[in-house]
Amino acid sequence: MTRVLRVIDTGLRPARWNVAMTAALAELHGEGRIANALRFHRYPESVLVGRHQALADAVEVGACRAFGIEIARRMSGGGAVYMAPGALAWDFVVCRRDVPAHRDAANAAICEAIAAGLARLGLPARYRPPGEIEVEGRKIYGSSGYFEGRTLLHQGTVLLEADIGRMAEVLKLPPDESAHKKRGLARRLVGISELLGRVPDPGAIETAVATAIAGAFGFILQTDAPQAQEVLLADVLFAREMSQDSFVFDATLPRAVRTVAGRDGVVSAYVRLHPGDECLIEQIWLTGQFEASPARAIADLEVSLRGLPVRQAAQRAFAALSDASVRLRGTTGGSIVAAIVNAAEKQQQAGLS
Amino acid sequence: MPIIRGCNFPDDLLYDVPHHAWYKPLGDGTVRAGMTPVAIALAREVLVFTPRRVGTDFEKNRSFATVESAKWVGAVRAGFDGVIVALNERLIARPMIVNADCYGEGWMMIVRPAASDWQDGLVTGAAIGPAYEAWMDSEGFAGCAA
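Small disclaimer: the values here were computed from a predicted structure and weren't measured.

S.K.: Would you take a moment to explain unusual backbone geometry for this structure?
M.R.: With glycine set apart, most residues show a phi of negative sign, and most peptide bonds adopt trans. Cis geometry is found at the peptide bond from Pro 129 of chain A to Pro 130 of chain A, where omega equals 5°. Relative to the elements of secondary structure, Pro 130 of chain A occurs in the loop between strand E7 (125-128) and strand E8 (132-135). Even without being a glycine, Glu 136 of chain A presents a positive backbone phi close to 50°. Considering the arrangement of structural elements, one finds Glu 136 of chain A in the loop between E8 and strand E9 (138-148). The exposure class assigned to Glu 136 of chain A is exposed, which follows from its relative accessible area of 69%. With a phi close to 70°, Arg 44 of chain B is a non-glycine residue in the positive phi region.

See below:
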């Protein structure tokens, strides 16, 4: 059976409407009322925070207001991003059965396909797990996701032109970069225009990405316009929810997460304790506005702490992060250890209450 | 209790199959709600659980909670109209308990249905197995252990 992938382009629209359109596509697809779709879209200058992210930790709200920059809250998770017409964004909404069954495998396959598409434009683009694409160590693409029932929605953004200066003004970044915020961002991010030496044609990128995704998953592309039901539902969701400041500013925050913010940057630790023995760590995840080198250092650390008592895990983490072969940018080993211990203590307190 | 592709479904509960939620009448007009093992398998490790606030009205097929797992967010949709009466504060504080015990400690919230026919469209008892088999077949769902 031929499988169709609708390709639509809703152009440049306000950030909160774009979020509503993403939600509408996910909802309609989840109900089986629309086919798989790839929606390209663009944003005016705006900041998008993750669905459950603490806005005050991530956004310079005063700067956004001063510049007249809209703040919106995404449907998907992850951290805050600065958007502008120099970024091309897309929603890939797809049935789980049409991509690898395991969600992480599906996401990897999607990112690999997009990287292959960008490589055809002359960029040595490579997928970097879990959801980024980089060129020579600098990020050009980031992604996050939304799911419900049969539907996966991969949401990605590629930088055509990176306005690092404005980005540095509106996003909160690791404090050790505050003095050289712009330089720190420039080390990590790059726009395609800088790599190619010319401003890329967004249409060529759309074609490359759509073709690569279609090839990877066996779709026939079908250029289409947004359907009336999609626009109608987006307008309803926009009016009811996504346009509301209460939706953007008042997200309920995960209380079990320890966030260390201050001199050493922002680190979040998620700790799951062993169900039978709350002194033992069963699983741990570490995220935040920091980078580690080698890139595997944090993932390896997370694995090495499984099954350890909290105190011993803290000692092992500190030793591992103090190793001369590990370099941290944006935080310190002490902050990561503090986040781990605090998250574990909160979990233990919640378990006893 | 039906066990289908590694997912267990206690047969005294009512299930909203498309939205992977279960409901249990509490005898005082309220209903306890939670996520099924299928929901957990689709979400994977639940790191954040964010319900709507107590006192919030919700509508059938609309989201009344969200979960997040490593940059992926999912909605939990309601099977009928109602109002949220109470939340499982332990689940908010420790979302990962739902991965270990979605029918017990990992329940989500207590709600009060808006109408007496709230059970219409939900499945229970002997109907659970065929309903989930059909859903799993249609969606290519490999199972809860996959």
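S.K.: What's the story with the side chain of His 20 of chain B in this structure? I'm lost.
M.R.: Mapping His 20 of chain B onto the fold places it in the loop between strand E3 (14-16) and strand E4 (21-25). Taking the relative accessible area as the measure of exposure, His 20 of chain B reaches 3% and is therefore buried. If near-sequence neighbours (up to four positions away) are discounted, His 20 of chain B is found in contact with Gly 149 of chain A together with Gly 34, Met 35, Thr 36, Val 38, Ala 39, Leu 42, Tyr 132 and Trp 135 of chain B.

S.K.: Please clarify how helix H1 (residues 15-30) of chain A should be interpreted in this entry.
M.R.: Residues spaced three or four apart along an α-helix face the same direction, because each turn holds 3.6 residues. Residue and element names in this part refer to chain A. Look at H1: 23 Å from first C-alpha to last across 16 residues, which is about the 22 Å you get at 1.5 Å a residue. For H1, the buried fraction is high: 15 of the 16 residues fall into the buried class. Among the residues trailing H1, Gly 32 stands out with phi positive, at a value near 75°.

S.K.: Whenever I open this one, the sheet that holds strand E10 (residues 82-87) of chain B confuses me. Can you help?
M.R.: Sheets are built from strands that pair by backbone hydrogen bonding, the pairs being arranged parallel or antiparallel. Residues and elements named next belong to chain B. Taken in spatial order, the six strands make up an open sheet running E3-E4-E5-E11-E10-E7, and their pairing is antiparallel. Unpaired on one side and paired on the other, E3 and strand E7 (57-58) mark the two borders of the sheet. Bridging between E4 and strand E5 (residues 31-35) involves five bridges; their strand directions are antiparallel. Across the sheet, Lys 24 pairs through a bridge with Arg 32, a residue of E5.

S.K.: Before we go on, may I ask you to explain the packing of aromatic side chains in this structure?
M.R.: In this description, an aromatic ring pair is defined by two values, namely the gap between the centres and the angle between the planes. Residue and element names in this part refer to chain B. Under the definition given, this model contains 14 aromatic pairs over all chains. Centre to centre, the rings of Phe 9 and Tyr 132 are 4.0 Å apart; their planes meet at 20°, and the pair counts as stacked. Here the residue Phe 9 occupies a position in the loop between strand E2 (7-8) and E3, and Tyr 132 occupies one in helix H4 (residues 128-139), the gap between them amounting to 123 residues. By relative accessible area, which is 0% here, Tyr 132 ends up buried. Taking 4.8 Å as the distance between ring centres and 55° as the angle between the ring planes, the aromatic pair formed by Tyr 23 and Phe 80 counts as tilted. Of this pair, Tyr 23 sits in strand E4 while Phe 80 sits in the loop between strand E9 (72-77) and E10, and the two are 57 residues apart along the sequence. For Tyr 23, a relative accessible area of 1% puts it in the buried group. Aromatic ring contacts, followed pair by pair, group Tyr 23, Phe 58, Phe 64, Phe 80 and Trp 118 into a single cluster.

S.K.: Is there a simple way to explain the sheet that holds strand E3 (residues 46-49) of chain A in this structure?
M.R.: Residue and element names in this part refer to chain A. In space, the three strands of this open sheet follow the order E4-E3-E5, with mixed pairing throughout. Looking along the sheet, the strands with just one partner apiece sit at the ends: strand E4 (70-73) and strand E5 (81-83). Each strand axis lies, on average, 25° off the axis of its neighbour in the sheet, ignoring direction. Summarising the sheet, E3 and E4 pair through four bridges and their orientation is parallel. Counted as the bridge partner of Val 47 is Ile 71 from E4.

Definitions and cut-offs
Residues numbered from 1 in each chain as written. Chains lettered and ligands numbered in written order. Predicted model: local features only at pLDDT ≥ 70, side-chain atom pairs only at ≥ 80, totals over all residues. Heavy atoms only, no water. Helix = DSSP H or I, 4+ residues; strand = E, 2+ residues; numbered from the N terminus. Buried < 20%, exposed > 50% of the residue type's maximum accessible area, 1.4 Å probe, protein only. Contact = heavy atoms within 4.5 Å. Expected span 1.5 Å × (residues − 1). Pairing = 2+ DSSP bridges. Phe/Tyr/Trp six-rings, centres within 6.5 Å; stacked < 30°, edge-to-face > 60°. Axes fitted to C-alpha atoms, helices over the stretch in contact; angles between N-to-C directions.

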